[in-house]
Amino acid sequence: QETIEAAVGGIVVGKVYEEQRRFDIFMRFRPESRSNVEAIEDLLISLPNGGQIPLDMIATVQAVEGQRVISREGNRRFITIQCNVRGRDIVRFVEEARSAIDDAVEIPPQYMLTWGGQFELQQRANRRLAFIAPLTLMLVALLLFAALDSGRETLVILINIPLALTGGIIALAITGQYLSVPASIGFIAIFGIALEDGLVLLASIRGYLNDGNPVLEAIRNGVNTKLRPVLMTTFTTVFGILPLLLARGPGAEIWRPLATVVVGGLLTSTLVTLVVLPMVYERIDPRSQVSV
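What counts as what
Residues numbered from 1 in each chain as written. Predicted model: local features only at pLDDT ≥ 70, side-chain atom pairs only at ≥ 80, totals over all residues. Heavy atoms only, no water. Helix = DSSP H or I, 4+ residues; strand = E, 2+ residues; numbered from the N terminus. Rg over C-alpha atoms; globule rule 2.2 N^0.38 Å. Buried < 20%, exposed > 50% of the residue type's maximum accessible area, 1.4 Å probe, protein only. Contact = heavy atoms within 4.5 Å. Areas by Shrake-Rupley, 256 points an atom, 1.4 Å probe, with all protein chains shown as cover. Lys, Arg positive; Asp, Glu negative; His and termini not counted. Charge placed at Lys NZ, Arg CZ, Asp CG, Glu CD. Core = buried A, V, L, I, M, F, W, Y, C linked by side-chain atoms within 4.5 Å. Expected span 1.5 Å × (residues − 1). 1 Å grid on protein atoms, 1.4 Å probe; cavity = no way out; pocket = protein on both sides within 12 Å on 5 of 7 lines; lining within 4 Å. Points joined across faces, edges and corners; volume = space filled by probe spheres on them. Nonpolar A, V, L, I, M, F, W, Y, C, P; charged D, E, K, R; others polar. Polar contact = N/O pair within 3.5 Å; in protein donor to acceptor, adjacent residues only side chain to side chain. Salt bridge = Lys/Arg side-chain N within 4 Å of Asp/Glu carboxyl O.

Draft legend 1. Region of the structure containing the overall build of the protein. Helix and strand counts for the protein stand at nine helices and six strands. Over its C-alpha atoms the protein spans a radius of gyration of 34 Å, topping by over 25% the 19 Å that the globule rule assigns to 292 residues. Evaluated residue by residue, the protein yields a buried proportion of 30% over its 292 residues. Counting only contacts in the protein whose residues sit at least 6 apart along the sequence, the fraction spanning at least 24 positions is 55%. Per element, the accessible surface of the protein, about 20400 Å² overall, is 58% carbon and sulfur. Averaging the coordinates of the 26 positive side-chain charges in the protein and doing the same for the 28 negative ones gives two points 7 Å apart.

Structure representation (structure tokens):
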């Protein structure tokens, strides 16, 4: 093996130093002694007791096509097949590919097939979000109830969330993008902005109600008072994230879905906060029903 390594692959037998630089001394047989099977078979192998014999007397030399690298993971051999998915949802692509492989390929019992890459990362992130999102929503609802001391008003703010998130979904559909991990992060950002805007507007309405204003007048004054802050929050965020939405260089596949969801979600979040939330509050407030 050492002879074959030195003849065909080459070995480093020393180094040459030139001031601060170092160079390997690389030794290998001449091309005519390693260029074909016959030349390799004629390599002379040294015997322990002296003398030499040709390599073909102790080994079979063949030119075959095989794997260049044998990789292992978990003490098992594995091979990776890569592909890039464009213009479609990666989850649906994997589902269709799985179905096609199950119908056309019979995998032996000692083999296993796994799907990794971005699909694996997305599935892992979705599992975490499926656990964290409901837990976070419950904690937020408890904090809102503790701050407002009203189940109705807490419900009004929570209703604002799914209506606001529809903008992100519509934006993804219009731009031809799909739900991904960056897009999920964008939904989380919209989640927080919708809660903040709804809480600010509701606090303003409650302030006017505590001053003795009728329900409709309190809602009107609250919307007029918080119209400018809500719009400022929306437009400053949109203008700040606009470069990410227009990105086309490296990393754009990560930033564009996030920016698309945030911009689309902000537009509907602002509309819901300023229009839908006051209407819902008017419907559920008991003082409004008494005045009617």
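Draft legend 2. The nonpolar core, seen in detail. By size, the foremost hydrophobic cluster in this structure holds 18 residues, and its most contacted members are Ile-157, Leu-195, Leu-202, Ile-205, Leu-209, Ile-219 and Tyr-281. Every element with two or more residues in this core is listed here: helix 4 (118–148), helix 5 (151–175), helix 6 (181–210), helix 7 (215–245) and helix 8 (252–284). Discounting residues that sit within four places of it in the chain, Leu-195 has contacts with Val-140, Leu-144, Ile-157, Leu-158 and Ile-161. One finds Ile-190, Val-238, Ile-241 and Ala-259 within the second-largest nonpolar core, a separate group that totals nine residues.

Draft legend 3. Just helix 5, in detail. Over its 25 residues, helix 5 runs 38 Å from end to end, which matches the ideal 36 Å to within 8%, given 1.5 Å per residue. Residues of helix 5 that are buried include every one of Glu-153, Thr-154, Val-156, Ile-157, Asn-160, Ile-161, Ala-164, Gly-167, Gly-168, Ala-171 and Leu-172, and no others. Residues of helix 5 that are buried sit in contact with helix 4, helix 6 and helix 8.

Draft legend 4. The side chain of Thr-270, seen in detail. Assignment of secondary structure puts Thr-270 in helix 8. Those residues in contact with Thr-270 that lie beyond four places of it in its chain are Val-230, Leu-231 and Thr-234.

Draft legend 5. Representation of the environment of Asp-197 within the structure. Its place among the elements puts Asp-197 in helix 6. Residue classification places Asp-197 among the buried positions, given a relative accessible area of 4%. In this structure, the C-alpha to C-alpha distance between Asp-197 and Ile-159, residues 38 residues apart in sequence, is 13 Å. Residues contacting Asp-197, with those up to four places away along its chain left out, are Val-230, Thr-233, Ser-269 and Thr-273.

Draft legend 6. View of the layout of surface pockets. One number sums up the size of the second largest pocket: a volume of about 360 Å³. Around the second largest pocket, the lining is made up of 13 residues, and of these Leu-129, Ala-133, Ser-184, Ile-188 and Phe-191 lie nearest the centre. The set of elements that each furnish at least two residues to the lining of the second largest pocket consists of helix 4 and helix 6. For the lining of the second largest pocket, the element with the highest residue contribution is helix 4, accounting for eight residues. Looking at side-chain class alone, the lining of the second largest pocket contains ten nonpolar, three polar and no charged residues.

Draft legend 7. Structural view of the environment of Gly-207. Among the structural elements, Gly-207 can be located in helix 6. Gly-207 sits 21 residues away from Gly-186 along the chain, and the two C-alpha atoms are 32 Å apart.

Draft legend 8. How the structure looks around the side chain of Gln-177. Positionally, Gln-177 belongs in the loop between helix 5 and helix 6. A distance of 3.1 Å separates the side chain of Gln-177 from the side chain of Thr-175, its partner in a polar contact. At 3.0 Å, the side chain of Gln-177 forms a polar contact with the side chain of Thr-260. Excluding residues within four positions of it along the chain, Gln-177 makes contact with Leu-172, Arg-256, Pro-257 and Thr-260.

Draft legend 9. Expanded view of empty space enclosed by the protein. Within the structure shown, the criterion is met by one cavity of 30 Å³ or more. Volume-wise, the largest cavity comes out at about 30 Å³. When residues of the lining of the largest cavity are traced back to their parent elements, those giving at least two are helix 5 and helix 8. Partitioning the lining of the largest cavity into residue classes produces seven nonpolar, one polar and no charged.

Draft legend 10. Structural detail: the pattern of salt bridges. Under the criterion given, the structure shown has four salt bridges. The salt bridge partner of Glu-18 is Arg-21, with a shortest N-O separation of 3.3 Å. Of the charged contacts, one joins Arg-124 and Glu-120 as a salt bridge, the two residues approaching to 3.2 Å between their closest N and O atoms. Taken together, the residues span about one helical turn, with Arg-124 and Glu-120 both in helix 4 at a distance of four residues.

Draft legend 11. Region of the structure containing the environment of Met-27. One can find Met-27 in strand 2 (residues 21–27). Along the primary structure Met-27 and Gly-74 are separated by 47 residues, whereas in three dimensions their C-alpha atoms are 36 Å apart. Apart from the residues lying within four places of it in its own chain, the contact partners of Met-27 are Ala-6, Gly-10, Ile-11 and Val-13.

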